[in-house]
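# Topology and contacts: notes
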Amino acid sequence: MVKQRVAQLEYSEFQSAMLDEEKRRRKAAKIIAVLEHFHGPLGGLTVGDVGCSAGFIADELAQAGAKHTMGIDIDVPGLRKAADRFGERVAFVCGDGTALPFPDGSIDVLVFNHIYEHVVEPDAVVAEMHRVLSDDGMLYLGLGNRLGVMEPHYKLPFLSYLPPAAADRYVRAFGRADHYYERFRTRRGLRRMLRAFHVWDYTFPVLATPTRFAGSELFPGALGRVVRGALAKAPRGVLRLLLPVVPTYLWVATKKPRRPAGAALPQPPEPVRPL
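These remarks concern the structure in this document. (Residues numbered from 1 in each chain as written. Predicted model: local features only at pLDDT ≥ 70, side-chain atom pairs only at ≥ 80, totals over all residues. Heavy atoms only, no water.)

## A word on helix 6 (residues 164-173)
Among all positions in helix 6, only Ala 166, Ala 167, Asp 168, Tyr 170 and Val 171 are buried. Of the residues flanking the end of helix 6, it is Gly 175, one or two places downstream, whose phi is positive at about 65°. (Buried < 20%, exposed > 50% of the residue type's maximum accessible area, 1.4 Å probe, protein only. Helix = DSSP H or I, 4+ residues; strand = E, 2+ residues; numbered from the N terminus.)

## Some thoughts on the packing of aromatic side chains
Inspection of every chain in the model, using the stated rule, returns 7 aromatic pairs. Ring geometry for Tyr 116 against Phe 184: centres 6.2 Å apart, planes inclined by 85°, an arrangement best described as edge-to-face. On the criterion of sequence distance, the pair formed by Tyr 116 in the loop between strand 4 (107-113) and helix 5 (122-132) and Phe 184 in the loop between helix 6 and helix 7 (187-193) is long-range, its members being 68 residues apart. Accessibility expressed as a relative area gives 1% for Tyr 116, which makes it buried. A centroid spacing of 5.7 Å and a plane angle of 25° characterise the contact between Tyr 249 and Trp 251, whose relative ring orientation is stacked. Trp 251 matches Tyr 249 in its accessibility class, with the two residues each being buried. Above the face of the Tyr 249 ring, Arg 187 is positioned so that its terminal group lies 4.9 Å from the ring centre. Residue placement shows Arg 212 over the ring face of Phe 213; its charged tip is 5.1 Å from the ring centre. (Phe/Tyr/Trp six-rings, centres within 6.5 Å; stacked < 30°, edge-to-face > 60°. Lys NZ or Arg CZ within 6 Å of the ring centre and 35° of its normal.)

## With respect to the pattern of salt bridges
Applying the stated criterion across every chain yields a total of 13 salt bridges. The salt bridge involving Arg 131 is made with Asp 104; its shortest N-O contact spans 2.7 Å. Remark: Asp 104 occurs in the loop between strand 3 (91-94) and strand 4 and Arg 131 occurs in helix 5; sequence separation between them is 27 residues. Arg 131 sits in the partly exposed class, given a relative accessible area of 24%. Between Asp 201 and Arg 187 there is a salt bridge, with the nearest N and O atoms lying 3.2 Å from each other. Taken together, the positions of Asp 201 in strand 6 (residues 198-201) and Arg 187 in helix 7 put the pair 14 residues apart, joining distant regions of the chain. Looking at Asp 201, the relative accessible area reads 5%, which means it is buried. One network of salt bridges, with partners in common, ties together Glu 21, Arg 25, Asp 59, Glu 60, Arg 85 and Arg 89. (Salt bridge = Lys/Arg side-chain N within 4 Å of Asp/Glu carboxyl O.)

## Overview of the nonpolar core
Core analysis: the biggest nonpolar cluster contains 43 residues, and Phe 112, Met 129, Leu 139 and Leu 194 have the highest contact counts within it. Those elements that place two or more of their residues in this core are strand 2 (68-73), strand 4, helix 5, strand 5 (133-144), helix 6, helix 7, helix 8 (203-208) and strand 7 (248-254). Residues contacting Leu 194, with those up to four places away along its chain left out, are Val 126, Leu 139, Leu 141, Val 199 and Ala 253. Ranked by size, the runner-up nonpolar core spans 24 residues in total, among them Ala 28, Phe 38, Val 47 and Tyr 202. (Core = buried A, V, L, I, M, F, W, Y, C linked by side-chain atoms within 4.5 Å. Contact = heavy atoms within 4.5 Å.)

In structure tokens:
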């Protein structure tokens, strides 16, 4: 029997990665680099991190110059830790992503980084983010792909390919968990989820020029330099063939049509065709 999905309360209490400060701040640096390439500096903007947990990414957004920064989550222990450390510069709010406690069009920047697979109603959360985002605002999305070969939470190949009952048996067989909670979507499913937005894909720009986007750890060492060089020079048509199985997509979404404002890149961001 497949266990019914309920909200993952107190996520930071059983997912230690949320408390890995160094790793979370590295993720924040990449997010900020992408946002600044798309828009420019974040100074003077109102920013919200949806699914902020212990607040490291929200804190980095505040330090990047945001005028007002808010972290939103249902992870009460994580929020307590965040407020204790960063409450002077970030406002932390216990709130459900399906009912964000903000007026229409009041947020300039939203971050939704590797969250959708954990929530019960991701389409409702996306609709709420669309509601509270300003007309000229932008939404950063880190999105896991169901067809990525290695499942990122349990490190089991092809786990996310399986139907729920089979996935539950798989994680139990390897002693990783009682059941498999996360629900990933394919690229097509993600395009459908973001159909109300205009979306730019930063996946290949970040992979091809990781140092530009604070991602130097992606391809370390001499082999990494070779990989980076190959990605930077590969025909875009060849790279597009890999899109269905890329493990993670990095997208920037807007309510109105916009173009990236940043400098030219060896692999430039491309618009994502809506469904």
